[in-house]
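As a plain string of letters, each chain reads:
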Amino acid sequence: NAGVMQNPRHLVRRRGQEARLRCSPMKGHSHVYWYRQLPEEGLKFMVYLQKENIIDESGMPKERFSAEFPKEGPSILRIQQVVRGDSAAYFCASSEGGVAVNEQFFGPGTRLTVL
Amino acid sequence: AQSVTQLDSQVPVFEEAPVELRCNYSSSVSVYLFWYVQYPNQGLQLLLKYLSGSTLVKGINGFEAEFNKSQTSFHLRKPSVHISDTAEYFCAVSDRNDMRFGAGTRLTVKP
């Protein structure tokens, strides 16, 4: 049973380009969470999705960031017109049920570098 | 909304010494509490969690944590650390719908 998969592991973009980060949850998991980790800081919640639905996006910046979790395929975190401040590690987690009592399993992260 | 405070950003300790990583939380509702560990260049792994029942929770790798409702704390402890315990440790709190993480404590175990 493969764990949470994220790709790419490392992504380099120039300012103004788009970044697409993919997350495949564990088999049987229908809940996906995205977090951002800035250097020397903790994890910051961004968005919580179930299949085809955004449940909580209170941590998402209002502009340039979007997320989806389609019926088929991985969850995508999309960052348009990237800026240097977007450089961070982005982690995806999945769980079998809701967050309260279900363990979140984390992927290895995507490290985004904006030049 | 809940929040988590990890009081120490860095904790250096010698091998085989005991360690306590502190975590305090605030919430207006009943919460569930978690400790995760992050090794370099990896994602987070669950160490232990408190959902209900006994306030002393035992996790993997010899770690344990005690839920103290009156002090709103969930400190992580290990009686004797190893070099391999060097990592970043995150405390997290969740209610029904979302989880919030502390800023992390970097544990460095020295020989």
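Okay, so let's go over this structure. (Residues numbered from 1 in each chain as written. Chains lettered and ligands numbered in written order. Predicted model: local features only at pLDDT ≥ 70, side-chain atom pairs only at ≥ 80, totals over all residues. Heavy atoms only, no water.)

1. Considering the packing of aromatic side chains
Alright, step 1. Under the defined criterion, the tally for this structure stands at 11 aromatic pairs over all chains.
Alright, step 2. On the basis of an interplanar angle of 85° and a centroid distance of 5.1 Å, the ring pair of Tyr35 of chain A and Phe101 of chain B is categorised as edge-to-face. Note that Tyr35 of chain A is positioned in strand S4 (residues 31-37) and Phe101 of chain B in strand S11 (residues 99-101), a pairing that runs across two chains. As far as burial versus exposure is concerned, Tyr35 of chain A and Phe101 of chain B are alike and both buried.
Alright, step 3. Joined through ring pairs, the aromatic side chains of Tyr35, Phe45 and Phe106 of chain A together with Phe34, Tyr36 and Phe101 of chain B make up one cluster.
Alright, step 4. Sitting above the plane of the Phe14 of chain B ring, Lys110 of chain B keeps its charged end 4.8 Å from the centroid. (Phe/Tyr/Trp six-rings, centres within 6.5 Å; stacked < 30°, edge-to-face > 60°. Helix = DSSP H or I, 4+ residues; strand = E, 2+ residues; numbered from the N terminus. Buried < 20%, exposed > 50% of the residue type's maximum accessible area, 1.4 Å probe, protein only. Lys NZ or Arg CZ within 6 Å of the ring centre and 35° of its normal.)

2. Looking at the state of the cysteines
Alright, step 1. Tallied over the entire structure, the rule returns two disulfides over all chains.
Alright, step 2. Each sulfur in the disulfide pair Cys23 of chain A and Cys92 of chain A lies 1.7 Å from the other. Handedness of the Cys23 of chain A-Cys92 of chain A disulfide follows from its S-S torsion of about -50°: it is left-handed. Pair noted here: Cys23 of chain A is in strand S3 (residues 19-24) and Cys92 of chain A is in strand S9 (residues 88-95), with a separation of 69 residues, a long-range link.
Alright, step 3. There is a disulfide in this structure between Cys23 of chain B and Cys91 of chain B, and the S-S distance comes to 1.9 Å. Judged by the sign of its S-S torsion, about -65°, the cystine formed by Cys23 of chain B and Cys91 of chain B is left-handed. Within this pair, whereas Cys23 of chain B is found in the loop between strand S3 (19-21) and strand S4 (24-26), its partner Cys91 of chain B is found in strand S10 (residues 87-94), the two being separated by 68 residues in sequence. Grouping residues by exposure puts Cys23 of chain B and Cys91 of chain B together as buried. (Disulfide = S-S within 2.5 Å.)

So yeah, pure geometry; function would need other evidence.
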